[in-house]
Amino acid sequence: MADATLWQRYPDHNDGGSSYFHTGLSRGSPKVSLVRFELGFIPSGATIASATFGARLYSSGANEIRAHRVDVPWDELAVTWNSLAGSYDPATEATLVGAADDAATADVTALVQAWVDGAHPNHGFLLEEDPTALTAYRSSEHGVVGDRPWLEVCFTR
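These numbers come from a predicted model, not from an experiment.

> Would you mind showing me how to read the pairing of strand 3 (residues 29-36) here?
Within a regular strand, the side chains alternate between the two sheet faces. Of all eight residues that make up strand 3, six are buried, and the element is covered over most of its length. Sheet topology places strand 1 (residues 2-7) next to strand 3; six bridges connect them, and they run antiparallel. Bridge pairing in strand 3 links alanine 2 to arginine 36. Where strand 2 (residues 20-26) folds back onto strand 3 in an antiparallel hairpin, the turn is made up of two residues, including arginine 27, whose phi is positive at roughly 55°. With three bridges joining them, strand 3 and strand 8 (residues 125-129) adopt antiparallel strand pairing. Its bridge partner being in strand 8, serine 33 is matched across the sheet by leucine 127.

In structure tokens, the structure reads:
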């Protein structure tokens, strides 16, 4: 898996190696995050019965956090606000809600099915929320392995 925070305040800074990624408002500027999971274990032609994204998070509010399909490839240790350049689908694919130190989940079944079917390349998804709160998620580099983000997929061949 790969994840990274993009911050409008520092548009050429990469934050893909941190133990946390963020969405929302920080120091007066929005932050968004990118998340991508490898799906090579799912056979071509599989039917996705369910796919659930989950993350351990802490939010300063109970905002709706929206997931959008990313349209371009990106590298966890190189992507920046400027390099992504808003290259994501504005349609909301899934939502989760900010929580005060808990796990949150989102149903991404339709998105994972589209990736498996080849309707869209798997460039992951972008998380964003209204700029009234700040949400921190434990990342794929977090020291507590059980607190790292996950994608649970059930499929049939």
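> Got a minute to help me understand the packing of aromatic side chains in this structure?
When we look at a pair of aromatic rings, we describe it by the centre distance and by the angle of the planes. One pass over the full model with this rule turns up five aromatic pairs. Ring plane angle 10° and centroid distance 4.8 Å describe the contact between phenylalanine 21 and tyrosine 137, whose orientation is recorded as stacked. Within this pair, whereas phenylalanine 21 is found in strand 2, its partner tyrosine 137 is found in strand 9 (residues 134-138), the two being separated by 116 residues in sequence. Across this residue pair, the class does not change: phenylalanine 21 and tyrosine 137 are buried. Relative to phenylalanine 155, the ring of phenylalanine 41 lies with its centre 6.4 Å away and its plane at 50°, an arrangement referred to as tilted. On the criterion of sequence distance, the pair formed by phenylalanine 41 in the loop between strand 3 and strand 4 (47-59) and phenylalanine 155 in strand 10 (residues 150-156) is long-range, its members being 114 residues apart.

> Can you help me understand the layout of surface pockets in this one?
To find leftover empty space, a probe the size of one water molecule is rolled over the atoms. In this structure, the largest pocket spans a volume of roughly 180 Å³. Val32, Trp81, Tyr88, Leu126 and Glu128 are, among the 14 residues lining the largest pocket, the residues nearest its centre. Counting only elements with at least two residues in the lining of the largest pocket, the list comes to strand 3, helix 1 (81-84) and strand 8.

> It is not clear to me how unusual backbone geometry should be interpreted in this structure. Could you clarify?
Residues apart from glycine generally show negative phi values, whereas peptide bonds are mostly found in trans. Notably, arginine 27 is not glycine yet its phi reads approximately 55°, a positive angle. The exposed category is assigned to arginine 27, whose relative accessible area is 58%. In this model, alanine 85 sits at a positive phi of 55°, which is unusual for a non-glycine residue. Relative to the assigned elements, alanine 85 resides in the loop between helix 1 and strand 6 (94-97). A residue is classified by how much of its surface remains accessible, and alanine 85, at 57% relative accessible area, is exposed.

Cut-offs applied
Residues numbered from 1 in each chain as written. Predicted model: local features only at pLDDT ≥ 70, side-chain atom pairs only at ≥ 80, totals over all residues. Heavy atoms only, no water. Buried < 20%, exposed > 50% of the residue type's maximum accessible area, 1.4 Å probe, protein only. Helix = DSSP H or I, 4+ residues; strand = E, 2+ residues; numbered from the N terminus. Pairing = 2+ DSSP bridges. Phe/Tyr/Trp six-rings, centres within 6.5 Å; stacked < 30°, edge-to-face > 60°. 1 Å grid on protein atoms, 1.4 Å probe; cavity = no way out; pocket = protein on both sides within 12 Å on 5 of 7 lines; lining within 4 Å. Points joined across faces, edges and corners; volume = space filled by probe spheres on them.

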